[in-house]
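An overview of the molecular structure
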Amino acid sequence: MSALRWFFNEAESEIDVPSNICSHLWGVSPTSADAVERRIESQHAAGKINDWLKRVHTNHALLLAGLYTEQPWSEAVTEVLHFGLAGAVAAYATVNVEHLRAVARCETRTRSVKDWIEELVRRGRRDTVDRWRSEVELDLAMAIHAYDGARGNRPCVVPQHEEES
């Protein structure tokens, strides 16, 4: 699933045309033939992956985005929710609804689900987090299966750019 990791973390910057200032600082022309070719390859790959994600249920696509989008978590959270599960739990619809309920009941003052998960782990609410992990692991298995079905046996579309010397 390195293609999904690339899609959620790197694709946008590979597709974007660098500003004139950045181009000047890095000494790379935003319109060089190589740069244009790399952007076209990246656009094609991102479009393919996006098409495959559109074929899976929205909740599954959100879980995959949560799982593969790199984001910082405290060590305490990553000990409880390993292998990127923290992001998937934060994207899980049930957790988002429970966060809204907790806010409405004045049980938390956190502004985001991510902050709420951090707070629950810090307060030792392991039972709640363990329940979410169990639910998310099952739904993630279904999400990965659905994505694999949408993708089929096609080869990896992520561009393999050679490093410039």
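I will try to describe carefully the structure that is included in this document.

Another point: the packing of aromatic side chains. Evaluation of the coordinates by the stated rule reveals 3 aromatic pairs. Ring geometry for Phe-7 and Phe-8: centres 5.0 Å apart, planes at 80°, overall edge-to-face. Relative accessible area serves as the criterion here: at 18%, Phe-7 is assigned to the buried category. With a centroid separation of 5.3 Å and 50° between ring planes, the pair formed by Trp-116 and Trp-132 is classed as tilted. Of this pair, Trp-116 sits in helix H9 (residues 113-122) while Trp-132 sits in helix H10 (residues 126-151), and the two are 16 residues apart along the sequence. According to the relative accessible area criterion, Trp-116 is buried, its value standing at 7%.

What follows deals with the layout of surface pockets. In this structure, the second largest pocket encloses a volume near 200 Å³. Together, 14 residues line the second largest pocket, and Glu-98, Ala-102, Glu-107, Trp-116 and Arg-125 are the ones closest to its centre. Grouping the constituent residues of the lining of the second largest pocket by class yields 4 nonpolar, 2 polar and 8 charged.

It is worth spelling out the side chain of Asp-139 at this point. Looking at the element boundaries, Asp-139 is found in helix H10. Comment: no salt bridge for buried Asp-139; closest opposite-charge side chain is Arg-131, at 11 Å. Every residue in contact with Asp-139, bar those within four places of it in the chain, is listed here: His-60, Leu-63 and Tyr-92.

Core analysis: the biggest nonpolar cluster contains 41 residues, and Ile-49, Leu-81 and Ile-117 have the highest contact counts within it. Sorting the residues of this core by element identifies helix H1 (2-9), helix H4 (33-54), helix H5 (58-68), helix H6 (75-80), helix H7 (85-91), helix H8 (93-104), H9 and H10 as the ones contributing at least two each. In terms of residues, this core owes the most to one element, H10, which gives 7 residues. Setting aside chain neighbours within four positions, we find Ile-49 in contact with Ala-3, Leu-4, Trp-6, Phe-7, Tyr-147, Val-157 and Val-158.

Those residues of H5 not exposed but buried are His-60, Ala-61, Leu-63, Leu-64, Gly-66, Leu-67 and Tyr-68. The inward-facing, buried residues of H5 contact H1, H4, H7 and H10.

What counts as what
For every chain, the first residue of its written sequence is number 1, and the numbers climb from 1 along that sequence. Selection of residues for local features in this predicted model requires a pLDDT of at least 70, selection of side-chain atom pairs for listing and counting requires 80 or more, and totals for whole chains, interfaces and linings are taken over all residues. To get the side-chain values, all heavy atoms of the structure are used, and hydrogens and water are removed first. Aromatic pairs are defined between Phe, Tyr and Trp rings, using the six-membered ring for Trp, whenever the two ring centres lie within 6.5 Å; interplanar angles under 30 degrees are classed as stacked, those over 60 as edge-to-face, and all others as tilted. Classification of residues uses two cut-offs on accessible area relative to the type maximum, computed with a 1.4 Å probe and protein chains only: under 20% is buried, over 50% is exposed, and between them is partly exposed. Strands are runs of DSSP state E lasting at least two residues, helices are runs of H or I lasting at least four, and both sets are numbered from the N terminus onward. Cavities and pockets are found on a 1 Å grid laid over the protein atoms alone: a cavity is a set of points where a 1.4 Å probe fits but cannot escape, a pocket is an open set with protein on both sides within 12 Å along at least five of seven lines, and a lining residue has an atom within 4 Å of such a point. Grid points are joined across faces, edges and corners, and a volume is the space filled by probe spheres set on the points. Polarity classes work like this: nonpolar for Ala, Val, Leu, Ile, Met, Phe, Trp, Tyr, Cys and Pro, charged for Asp, Glu, Lys and Arg, and polar for all others, with Gly in that last group. In this count, Lys and Arg are taken as positive residues and Asp and Glu as negative ones, while His and the chain termini are left out. We count a salt bridge whenever a side-chain nitrogen from Lys or Arg sits within 4 Å of a carboxyl oxygen from Asp or Glu. The contact rule is simple, with two residues in contact once any of their heavy atoms fall within 4.5 Å. We call a set of buried Ala, Val, Leu, Ile, Met, Phe, Trp, Tyr and Cys residues a nonpolar core when their side-chain atoms join them within 4.5 Å.

None of this, on its own, says anything about what the molecule does.
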